[in-house]
Amino acid sequence: MKRLSILFAAVAMMASCTNAQDNRTVVRPKPVQEQPAQVKGSATVTEMSKEEFAEKVADYTAKEWKMKSDKPVIVDFNATWCGPCRKLAPVLEELAQEYDGQVLFYSIDVDKNRPLAQAFGVSSIPMLLLCPVEGEPQAIVGLYPKEELVKAIDSFLLKKEQ
């Protein structure tokens, strides 16, 4: 009987402590935000729709490819559920900073823009579409290291000598 009354007393104390905590307002300090890293430019990868693609890059429904941008463009075909796409995204952000003013970077969600993805035969993602100012676009399928992407940008889009 003595053990039972101790048990009830302990339960009553815990219940009163729980109720007291529920009525209190807890003030937590705001987390300290880290300073952003210094970057070369302010460019970023811009998400776009199929309509924006047709307006800014090229009319994907036309029979002949005609670039509308005066700068080379890289279009990242991706999806939110794609692991390799999520790994590639920060690399593309870095490249957008490094090539600020030289190359434009865009992102296309294949789930939201199926007709555009179908027009370019996207069957595996991530897929990068490299669009030079003059000439036909070229696709890179899969997750590549940053160094390989830099080589492709320099040689194919910017026509730099290696």
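Residues numbered from 1 in each chain as written. Predicted model: local features only at pLDDT ≥ 70, side-chain atom pairs only at ≥ 80, totals over all residues. Heavy atoms only, no water.

Q: Can you break down the nonpolar core residue by residue, with the values?
A: Of all hydrophobic cores here, the largest spans 24 residues; its most connected members are Phe-53, Val-57 and Phe-77. Looking at this core, the elements with two or more residues in it are α2 (50-56), β2 (73-78), β3 (104-109), α4 (114-119) and β4 (127-131). If you look at the next biggest cluster of nonpolar residues, it comprises 19 residues, including Ile-74, Val-103, Leu-128 and Leu-157. (Core = buried A, V, L, I, M, F, W, Y, C linked by side-chain atoms within 4.5 Å. Buried < 20%, exposed > 50% of the residue type's maximum accessible area, 1.4 Å probe, protein only. Helix = DSSP H or I, 4+ residues; strand = E, 2+ residues; numbered from the N terminus.)

Q: Help me get a handle on the packing of aromatic side chains, residues and values and all.
A: Under the criterion given, the structure shown has 4 aromatic pairs. Ring geometry for Trp-65 and Phe-120: centres 6.1 Å apart, planes at 75 degrees, overall edge-to-face. Highlighted residues: Trp-65 in the loop between α2 and β2 and Phe-120 in the loop between α4 and β4, separated in sequence by 55 residues. Pairwise contacts between aromatic rings join Phe-53, Tyr-60, Trp-65, Phe-77 and Phe-120 into one cluster. Looking at Lys-159, its charged tip hangs above the ring of Phe-156, at a distance of 5.0 Å from the centre. (Phe/Tyr/Trp six-rings, centres within 6.5 Å; stacked < 30°, edge-to-face > 60°. Lys NZ or Arg CZ within 6 Å of the ring centre and 35° of its normal.)

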